[in-house]
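Chains, contacts and geometry: an overview
Residues per chain are reported as follows:
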Amino acid sequence: MPIKSRIRTVPHYPRQGIMFRDITTLLKDPVGLRTTIQEIVKRYQSQQIGKVVGIESRGFIIGAPVAYQLETGFVPIRKQNKLPAQTAGRDYQLEYGSDRIEIHVDAVQSGDRILLVDDLIATGGTAEAAVRLIREMGGEVIECCFVIDLPDAGGRSRLEQLGCKIFSLCEFADG
């Protein structure tokens, strides 16, 4: 079952010229969701992943069941001021402005083998901030895993320049 065929494209969202890749159609499909999780788990089941870290919010939807199947913990990376305990954070640039992601300071320990998960890699700003934050905490990012890669947006090469390995289940070349 090709996962790509279960992803809806919404033209001109959130603005003119953007082809938004919507995974809600993949998630609502029981076969699509199961296949997505199974394919990711199959790739990482022998890699001794210590924790799965998911980026808000679709990274939670994918990452939590992956962590469950890998029999490891799940750690959320959230936007600023969403986590209740002490956090470490990292600012990153958006196309128009900046944002900040945070993680609990006790979520990742030195030497933890981390699988970073999100739904999509586009320009890579959020994922880069997440990788840097995990590394600052002493974690080792084994791989960055995405359902969708938009290679023309440059995020994959941005993460590769940090020395990250990237895996995606599918890609859309036209953004």
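Rules and cut-offs
Every chain is numbered on its own, with residues counted from 1 as its sequence reads. Restriction of local features to residues with pLDDT of at least 70 applies here, the model being predicted, together with a cutoff of 80 or more for giving and counting side-chain atom pairs; totals for whole chains, interfaces and linings are based on all residues. Just so you know, side-chain values use all the structure's heavy atoms and leave hydrogens and water out. A run of H or I in DSSP becomes a helix once it reaches four residues, and a run of E becomes a strand once it reaches two; helices and strands are each numbered from the N terminus. It is over C-alpha atoms that the radius of gyration is taken, and the globule rule equals 2.2 Å times the number of residues to the power 0.38. Per-residue accessibility, obtained with a 1.4 Å probe over protein chains only, is compared with the maximum for each type, and a residue is labelled buried under 20%, exposed over 50%, and partly exposed between these values. Pairs of residues are marked as contacts when any of their non-hydrogen atoms sit within 4.5 Å. Accessible surface area values rest on a Shrake-Rupley calculation with a 1.4 Å probe, where residue burial reflects the displayed protein chains alone. All tallies of charge rest on Lys and Arg as positive and Asp and Glu as negative; His and the ends of each chain are not included. To locate a charge, take atom NZ for lysine, CZ for arginine, CG for aspartate or CD for glutamate. Any carboxyl oxygen of Asp or Glu that lies within 4 Å of a side-chain nitrogen of Lys or Arg is treated as forming a salt bridge with it. Nonpolar cores are built from buried Ala, Val, Leu, Ile, Met, Phe, Trp, Tyr and Cys residues. Side-chain atoms within 4.5 Å join them into one set. In this analysis, rings of Phe, Tyr and Trp, with Trp reduced to its six-membered ring, are considered paired at centre separations within 6.5 Å, and the interplanar angle assigns stacked below 30 degrees, edge-to-face beyond 60, and tilted for intermediate values. By definition, being over a ring means that NZ of Lys or CZ of Arg is both within 6 Å of the ring centre and within 35 degrees of the ring normal.

For the rest of this paragraph, the subject is the overall build of the chain. Helix and strand content of the chain: 5 helices and 9 strands. Each helix and strand of the chain, placed in order from N terminus to C terminus, yields the pattern β-β-α-α-β-α-β-β-β-β-α-β-α-β. Here the chain has a C-alpha radius of gyration of 15 Å; the compact-globule value for 175 residues is 16 Å, and the two agree. Overall, the chain is about 40 × 40 × 30 Å in size when its C-alpha atoms are taken along their principal axes. Every one of the 175 residues in the chain was classed for burial, and the buried ones make up 44%. Sequence-distant contacts in the chain: of pairs separated by 6 or more residues, those separated by 24 or more amount to 57%. Of the accessible surface of the chain, which amounts to about 8900 Å², a share of 46% is contributed by carbon and sulfur atoms. Considering the chain, the positive charge centre built from 22 side chains and the negative charge centre built from 22 side chains are found 3 Å apart.

All right, on to the pattern of salt bridges then. Across all of its chains, the model carries 14 salt bridges by this definition. We note a salt bridge from Arg78 to Glu56, for which the minimum N-O separation is 3.0 Å. Taken together, the positions of Arg78 in strand β4 (residues 73-79) and Glu56 in the loop between β3 (51-55) and α3 (58-70) put the pair 22 residues apart, joining distant regions of the chain. In this structure Arg78 comes out as partly exposed when scored by relative accessible area, which is 23%. Given the relative accessible area of 22%, Glu56 is considered partly exposed. Note that Glu128 and Arg132 form a salt bridge whose closest N and O atoms lie 2.9 Å from each other. Of this pair, Glu128 and Arg132 both sit in helix α4 (residues 125-136), separated by 4 residues, roughly a single helical turn.

In this structure, Ile103, Leu116, Val131, Cys144 and Leu159 are the most contacted members of the largest nonpolar core, which totals 26 residues. Sorting the residues of this core by element identifies β3, β4, β6 (97-104), β7 (113-121), α4 and β8 (140-149) as the ones contributing at least two each. Other than its neighbours up to four places away in sequence, Leu159 contacts Ile121, Gly124, Ala127, Glu128, Val131, Cys144, Phe146, Cys164 and Ile166.

What follows covers the packing of aromatic side chains. For the structure on display, the rule yields 3 aromatic pairs. Aromatic side chains Phe60 and Phe74 sit 6.0 Å apart centroid to centroid with 85° between the ring planes, which places their arrangement in the edge-to-face category. One end of the pair, Phe60, is in helix α3; the other, Phe74, is in strand β4, and 14 residues separate them in sequence. The partly exposed category is assigned to Phe60, whose relative accessible area is 22%. The positively charged end of Lys4 is found above the aromatic ring belonging to Phe172, 4.8 Å away from the centroid.

By themselves, these figures tell us nothing about what the structure is for.
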